6 protein chains.
Amino acid sequence: MSRLKPIEYADASPRVRAVFDDIKRCRDVEDVNNFWKYLAHDPAGLERTWESIKQVMAEGALSALVKEMMYVAVSVTNGCGYCIASHTAGARKAGMTDAMFAELMAVVGMANETNRLVNGYRVPIDAAFEN
Amino acid sequence: MSRLKPIEYADASPRVRAVFDDIKRCRDVEDVNNFWKYLAHDPAGLERTWESIKQVMAEGALSALVKEMMYVAVSVTNGCGYCIASHTAGARKAGMTDAMFAELMAVVGMANETNRLVNGYRVPIDAAFEN
Amino acid sequence: MSRLKPIEYADASPRVRAVFDDIKRCRDVEDVNNFWKYLAHDPAGLERTWESIKQVMAEGALSALVKEMMYVAVSVTNGCGYCIASHTAGARKAGMTDAMFAELMAVVGMANETNRLVNGYRVPIDAAFEN
Amino acid sequence: MSRLKPIEYADASPRVRAVFDDIKRCRDVEDVNNFWKYLAHDPAGLERTWESIKQVMAEGALSALVKEMMYVAVSVTNGCGYCIASHTAGARKAGMTDAMFAELMAVVGMANETNRLVNGYRVPIDAAFEN
Amino acid sequence: MSRLKPIEYADASPRVRAVFDDIKRCRDVEDVNNFWKYLAHDPAGLERTWESIKQVMAEGALSALVKEMMYVAVSVTNGCGYCIASHTAGARKAGMTDAMFAELMAVVGMANETNRLVNGYRVPIDAAFEN
Amino acid sequence: MSRLKPIEYADASPRVRAVFDDIKRCRDVEDVNNFWKYLAHDPAGLERTWESIKQVMAEGALSALVKEMMYVAVSVTNGCGYCIASHTAGARKAGMTDAMFAELMAVVGMANETNRLVNGYRVPIDAAFEN
């Protein structure tokens, strides 16, 4: 069996259920999304990842909306279909409008383009950027 | 000669100078940074890229600060040293504080981590994210 | 016709059949997997790739199990769905347990995260690592 | 100032020093390497990352040596110079021989090659790998 | 609603229709492909991207065939399924034979392999390549 | 010792020297470039890689010039500084002009941009591209 199945709440250990319960409470959802049901195969990793996500994605110097959009920017760059879908939904929920999404995509596209122009032209870093 | 040299203003064609002048005016800088001096080997590409950057990076539904931070997020994900340096400087200029930078890095790191967890666990997209 | 079809054994040239026969014998399987049926459109590439895979994936200083897990680590990082599926199956066959898989994923996730933290913080290599 | 400076022990806050002390004790080194000195600009991230690394890289179902080599495999795939240098050193310390390193590189190279052959030939996943 | 729907010609604004008309005329097709129908959610981005594509992909110092094959090479390296499908079709239309495709894939595979061998062995650039 | 040193001809084993001699003869150069001197730490890998490169990069359905430019396209996309430098030099030697290089870079940039637009807009593959 090379492909794991998701672990549903009913079949989860108490340790996994505790994380699922916290996710449901924090996000006010009835069930956790698939990511957590698969990661539940590694209870220690599940706990660690959820604690990290809670800490990292919380409102802080940056808003939750900006953080969700950055998550989308990275996931689009890496081509991770699941994370694009889930964090686009998360960004929408946090207030991303159609206009914001279009601008986000345009920036991500340009950055991926100019990253490669820089590589190909072998552009040295300006002294002004080294300080 | 496999490595191109930067084209300085004094040696640039009128077509290239026109772009350099517009960059200097728009950004209020005395000289353009290396990226443009190398891209100047392709005058049509220089014009096109500068017009695109002006359009894409302008204040809009997203602030210039958020756009610069997204540029950093993509460049860090791709490992483009030049763009990390130049757009971190750009984000600083647009108001990014140390605390914002730390949170940006934390989000980029987490996204790159969970993008791979999703790949490895082969997590299918939830129906809720498909609509 | 932009999409190639797999080349089945019955339709294969003698040159391709010779490789398919060797794969089936070495792996003790009844049929080769899709990768080889598509690569069969390039008989020279098929031969070269199979000879390379045999040499590279053989037991040596590293065990076949460790090599299969490394293949998974790379494929997960690149987001190659086919290779994740096939080499996870290969690793399972070579003895990878659920616990090993969970740890493998955790390491791959952390490495992808810290790779980007290093990029973003622009961390210079310690002198101790240069020797 | 767009480029951060490393935070040395002498200049670190008590919170950062506590992490540095734990790293030095766990690894039996006199000073922490640059990665930690830069990440110290984000004390919460420093604590979280160090706790995660300790948990993830510990001996478990996989040996510390195998884990370090996987870290190298990912870092080489992503082209992260710092992590290649530091985790190659870590793998050496954990027992990686020249022969192991050569085999690791060969596997990483092959995986990166066949990941793309699969993409380009648009190979569908075999039913056998879906279970 | 996190997933956008394609914008068909019948539902498009005059601004979007003007781009669609130009694509259909330039490419002599009855309808534009999905990429443009989604990008139509960002009319300014649609115009900009189409103008850029027209300029960049035109016959010049490099033939349209070579340019389409390079597009495939990049898309295969990035693992972008849509672009692999669409630009392989484009390259076929421009004259790519089965033999050319096989050689293209072999080069892309080798490049992805040796890119990583270079990273892992930390090979310094020869002085001869710096001039 | 975590960093390997290049193996010079004078210090090489007969097996390594045989490959070096073949490289020097085929390319008509006085010395091999650094890539081969580092890969010489893995004599079997050195032989295999050189044989593969010779086969893959030979004139065929695609010219050596086009193949070198594709190598550059992939290396620029991956951000491999060494391979960008060495294969740009190779492409120059094979006849790449400044105008060709500029167009190559423009195509690579656009492809990297639109690859991400496709990811972000979650564009489904047109039925026409599936046949």
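Below, the structure is looked at part by part. (Residues numbered from 1 in each chain as written. Chains lettered and ligands numbered in written order. Predicted model: local features only at pLDDT ≥ 70, side-chain atom pairs only at ≥ 80, totals over all residues. Heavy atoms only, no water.)

Moving on, we come to the interface of chain A and chain C. How big an interface is tends to be expressed through the accessible area that disappears when the partners come together. Taken together, the contact pairs nine residues of chain A with eleven residues of chain C. Together chain A and chain C conceal approximately 650 Å² of surface at their shared face, both sides included; 47% is due to carbon and sulfur atoms. One can count one salt bridge joining chain A with chain C. Glu130(A) is the partner of Arg122(C) in a salt bridge, and the nearest nitrogen-oxygen pair spans 2.9 Å. Where chain A packs against chain C, one counts two residue pairs in polar contact (both at pLDDT 80 or more). The class makeup of the residues in the side of chain A that touches chain C is four nonpolar, two polar and three charged. (Contact = heavy atoms within 4.5 Å. Buried area = accessible area lost by both parts, 1.4 Å probe. Salt bridge = Lys/Arg side-chain N within 4 Å of Asp/Glu carboxyl O. Polar contact = N/O pair within 3.5 Å; in protein donor to acceptor, adjacent residues only side chain to side chain. Nonpolar A, V, L, I, M, F, W, Y, C, P; charged D, E, K, R; others polar.)

Backbone geometry places Asp28(D), a non-glycine residue, at a positive phi of 55 degrees. Following the sequence through the fold, Asp28(D) ends up in the loop between α1 (14-27) and α2 (34-39). For Asp28(D), a relative accessible area of 71% corresponds to the exposed category. The phi dihedral of Arg122(F) falls on the positive side, at around 55 degrees, and the residue is not glycine. The topology assignment puts Arg122(F) in the segment after α6 (98-121). (Helix = DSSP H or I, 4+ residues; strand = E, 2+ residues; numbered from the N terminus. Buried < 20%, exposed > 50% of the residue type's maximum accessible area, 1.4 Å probe, protein only.)

All names here are of chain A. Tallied over the full model, the rule gives 66 salt bridges over all chains. The partner of Arg-15 in a salt bridge is Glu-47, and the shortest N-O contact between them spans 2.8 Å. Placement of Arg-15 in helix α1 (residues 14-27) and of Glu-47 in helix α3 (residues 43-57) is noted, with a sequence separation of 32 residues between them. Its relative accessible area of 42% is what places Arg-15 among the partly exposed residues. A single network of salt bridges, built from pairs that share partners, joins Asp-22, Arg-25, Glu-51 and Lys-54.

To continue, consider the interface of chain A and chain B. On the chain B side, the residues contacting the 60 residues of chain A number 60 residues. Carbon and sulfur atoms make up 72% of the area that chain A and chain B hide from each other, which totals about 5,500 Å². Here Glu103(A) makes a salt bridge to Lys67(B), at a shortest N to O gap of 3.1 Å. The tally of links between chain A and chain B comes to 26 residue pairs in polar contact (both at pLDDT 80 or more). Broken down by element, the residue count for the side of chain A that touches chain B peaks at 18 residues, all from helix α6 (residues 98-121) of chain A. Considered class by class, the residues forming the side of chain A that touches chain B number 35 nonpolar, 16 polar and nine charged.

Turning to the environment of Val72(B), a few remarks are in order. All names here are of chain B. Structurally, the position occupied by Val-72 is in helix α4 (residues 64-78). Along the sequence, Val-72 and Ser-86 sit 14 residues apart, while their C-alpha atoms lie 8.8 Å from each other. Non-local contacts of Val-72, meaning those with residues more than four positions away in its chain, are made with His-87, Thr-88, Leu-104 and Met-105.

What follows is about the packing of helix α6 (residues 98-121) of chain E against helix α3 (residues 43-57) of chain F. Running from amino to carboxyl end, α6(E) crosses α3(F) at an angle of 145 degrees, the nearest separation of the two axes being 10 Å. α6(E) and α3(F) meet at a crossing whose hand is left-handed. Counting all contacts with α6(E), which are made through Ala106(E), Val107(E), Met110(E), Glu113(E), Thr114(E) and Leu117(E), the residues of α3(F) involved are Arg48(F), Thr49(F), Ser52(F), Ile53(F), Val56(F) and Met57(F). Of the residues contributing to the contact of α6(E) with α3(F), the split by class is seven nonpolar, three polar and two charged. (Axes fitted to C-alpha atoms, helices over the stretch in contact; angles between N-to-C directions. Left-handed = near helix turned anticlockwise from the far one by under 90°.)

Rotating chain A by 180 degrees and moving it 0.0 Å along the rotation axis overlays it on chain B with an RMSD of 0.0 Å. Those values place the two copies in the arrangement expected of a two-fold rotation axis. When you check the interface residues of chain A against chain B, 100% turn up at the interface there too, and the contact is symmetric in its surfaces. (Least-squares fit on C-alpha atoms with pLDDT ≥ 70 in both.)

Moving on, we come to the relation of the copies chain A and chain C. Mapping between the two chain copies consists of a rotation about an axis together with a translation along that axis. When chain A is fitted to chain C, the best match, at an RMSD of 0.0 Å, comes from turning it 120 degrees and sliding it 0.0 Å along the axis. Given the turn and translation reported, the copies of this chain are related as if by a three-fold rotation axis. The rotation axis passes nearest to the C-alpha of Gly79(A) in chain A, at a distance of 4.3 Å.

Take helix α1 (residues 14-27) of chain C next. All names here are of chain C. When the terminal C-alpha atoms of α1 are compared, their 20 Å separation across 14 residues agrees well with the 20 Å that a helix rising 1.5 Å per residue should span. Taken together, the buried positions of α1 are Val-16, Val-19, Phe-20, Asp-22, Ile-23 and Lys-24. Close packing links the buried residues of α1 with α2 (34-39) and α3 (43-57). A positive phi of about 55 degrees marks Asp-28, the residue just after α1. (Expected span 1.5 Å × (residues − 1).)

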